[in-house]
Amino acid sequence: MKIGVLALQGAFAEHIVMLQALGVETAEVRLPDQLADLDGLIIPGGESTTIGKLAVMYNFMEPLRAFAAEKGMWGTCAGMIFMAKEIGTVGTGRDQPLLGIMDIVVERNAFGRQVDSFEADLIVDGFDAPFPAVFIRAPKLVEAKGDARVIVRLEDGTAVAAQQGRWLVTSFHPELTGDGRFHEYFLKMVEDTGE
Ligand code: GLN
C-alpha cells in the first residue's frame, strides 16, 4: 500500500513520519502526476485558504476530485475544511477554493480565541482506550448530511470526525500525538474500499 500526503503547505511531514512508523510506503505529493500510483491521500492541517490557493495554482483541483472518486482520502483540520462542500456562515473565510466532496458543513476557527488550541481525550468506537487529540484553531464540524456520518464527538456533543464511504475528516491533528490508531483506521478504510 502507498499513501500520499499533499505537501503544498502545513503539517505534512508529521503524517509521513507516522505512516512510515506503521510500515507504509509514503509519498510527499507536490504535483498532480504524483497521485497516479497512490492508494490513498491525506490532506494535512495548516491553512486551508493557502492549501486551496496553491491547489488551484498547481492544477490540483480536478485531479484531486478524480482521485477521491476512486480512492481513500483523509482531511485533518485544514484538510477537513478543504474537503467540505460547505463552509458555514459564522466563521471566517467563506470564499476560498474547496474540493467540495464531503457532504459536511464546517465553520472555520469556530472554537473561539479563548480556546485557540486544546487537547481532549476522545472516546472512539472500536478503540480500547481514549484517543489523545490536539485541536489547533480547529474548524467545527457543524453538520454531516447525506451519506456522511459523524463518528466521533467531544463530551459536549460537538462533532470532530466524520466518514463518508472512503473519505474521512477529523477536525483535530492525529499526527501530532504519537498515537497511530487513527492512521491505522484510515489504512483499514483504504484497504476495505480499494478493489
Ligand atoms: N484555522 C485553519 C484554517 O482555517 C485550520 C487550522 C489547522 O489546520 N490546524 O484553515
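Everything discussed here concerns the structure shown above.
Remember, predicted model here, so these are calculated numbers, not experimental data.

(A) Layout of the pattern of salt bridges. Counted by the stated rule, this structure contains nine salt bridges. In this structure, the salt-bridge partner of Lys145 is Glu86, at a minimum N-O distance of 3.0 Å. One end of the pair, Lys145, is in the loop between strand S9 (140–144) and strand S10 (149–153); the other, Glu86, is in strand S5 (residues 84–87), with 59 residues separating them in the sequence. Taking the relative accessible area as the measure of exposure, Lys145 reaches 33% and is therefore partly exposed. Here Asp179 and Arg181 are joined by a salt bridge, their closest N and O atoms 2.8 Å apart. Take Asp179 and Arg181: they sit in the same class, and that class is buried. Through salt bridges with shared partners, a single ionic network connects Asp128, Asp179 and Arg181.

(B) Up close: the nonpolar core. Among the nonpolar cores identified, the biggest contains 36 residues, and Leu41, Leu64, Met73, Met83 and Ile104 are the most heavily contacted of them. Once residues within four sequence positions are removed from consideration, Ile104 is found in contact with Met80, Ala84, Lys85, Glu86, Leu141, Glu143, Ala144, Ala148, Ala162 and Val169. Formed by 31 residues, the second largest nonpolar core is a distinct cluster that contains Ile3, Val24, Val152 and Phe172.

(C) Looking closely at the site of the ligand. Every residue lining the ligand is accounted for by Gly45, Gly46, Glu47, Ser48, Cys77, Ala78, Ile81, Arg108, Asn109, Ile136, Arg137 and His173. Separating an oxygen atom of the ligand from a backbone N or O atom of Gly46 is a distance of 2.9 Å. Note that a nitrogen atom of the ligand is positioned 3.0 Å from one of the backbone N or O atoms of Arg137. Contact with the protein chains removes 97% of the 300 Å² of surface that the ligand exposes when unbound. Classifying every residue of the shell around the ligand gives four nonpolar, five polar and three charged.

(D) Layout of the environment of Gln34. With respect to the helices and strands, Gln34 occurs in the loop between strand S2 (25–29) and strand S3 (40–43). In this structure Gln34 comes out as partly exposed when scored by relative accessible area, which is 33%. Spatially, the C-alpha atom of Gln34 lies 9.8 Å from that of Leu6, the residues being 28 residues apart in sequence. Contacts of Gln34, omitting those with residues within four sequence positions, involve Glu28 and Val29. Only 2.7 Å separates the side chain of Gln34 from the backbone nitrogen of Leu31, close enough to count as a polar contact.

(E) Inspection of the side chain of Ser171 at higher detail. Inspection of the secondary structure assignment puts Ser171 in the loop between strand S12 (167–170) and helix H5 (181–193). Beyond its immediate stretch of four places on either side in the chain, Ser171 contacts Cys77, Met80, Phe135, Ala138, Pro139 and Val160.

(F) The arrangement of the packing of aromatic side chains in detail. Applying the stated rule across the entire model yields eleven aromatic pairs. Pairing Phe182 with Tyr185 gives two aromatic rings, centres 6.0 Å apart and planes at 50°, and the pair type is tilted. Here the residue Phe182 and the residue Tyr185 both occupy positions in helix H5, the gap between them amounting to three residues, near one helical turn. Accessibility expressed as a relative area gives 1% for Phe182, which makes it buried. Looking at Tyr185, the relative accessible area reads 24%, which means it is partly exposed. Every member of this aromatic cluster is reached through a ring pair, and the members are Phe111, Phe118, Phe127, Phe131, Phe135, Phe172, Phe182 and Tyr185. It is Lys140 that lies over the ring of Phe111; its NZ or CZ is 5.0 Å from the centre.

Calculation notes
Residues numbered from 1 in each chain as written. Predicted model: local features only at pLDDT ≥ 70, side-chain atom pairs only at ≥ 80, totals over all residues. Heavy atoms only, no water. Salt bridge = Lys/Arg side-chain N within 4 Å of Asp/Glu carboxyl O. Helix = DSSP H or I, 4+ residues; strand = E, 2+ residues; numbered from the N terminus. Buried < 20%, exposed > 50% of the residue type's maximum accessible area, 1.4 Å probe, protein only. Core = buried A, V, L, I, M, F, W, Y, C linked by side-chain atoms within 4.5 Å. Contact = heavy atoms within 4.5 Å. Near = heavy atom within 4 Å. Polar contact = N/O pair within 3.5 Å; in protein donor to acceptor, adjacent residues only side chain to side chain. Areas by Shrake-Rupley, 256 points an atom, 1.4 Å probe, with all protein chains shown as cover. Nonpolar A, V, L, I, M, F, W, Y, C, P; charged D, E, K, R; others polar. Phe/Tyr/Trp six-rings, centres within 6.5 Å; stacked < 30°, edge-to-face > 60°. Lys NZ or Arg CZ within 6 Å of the ring centre and 35° of its normal.

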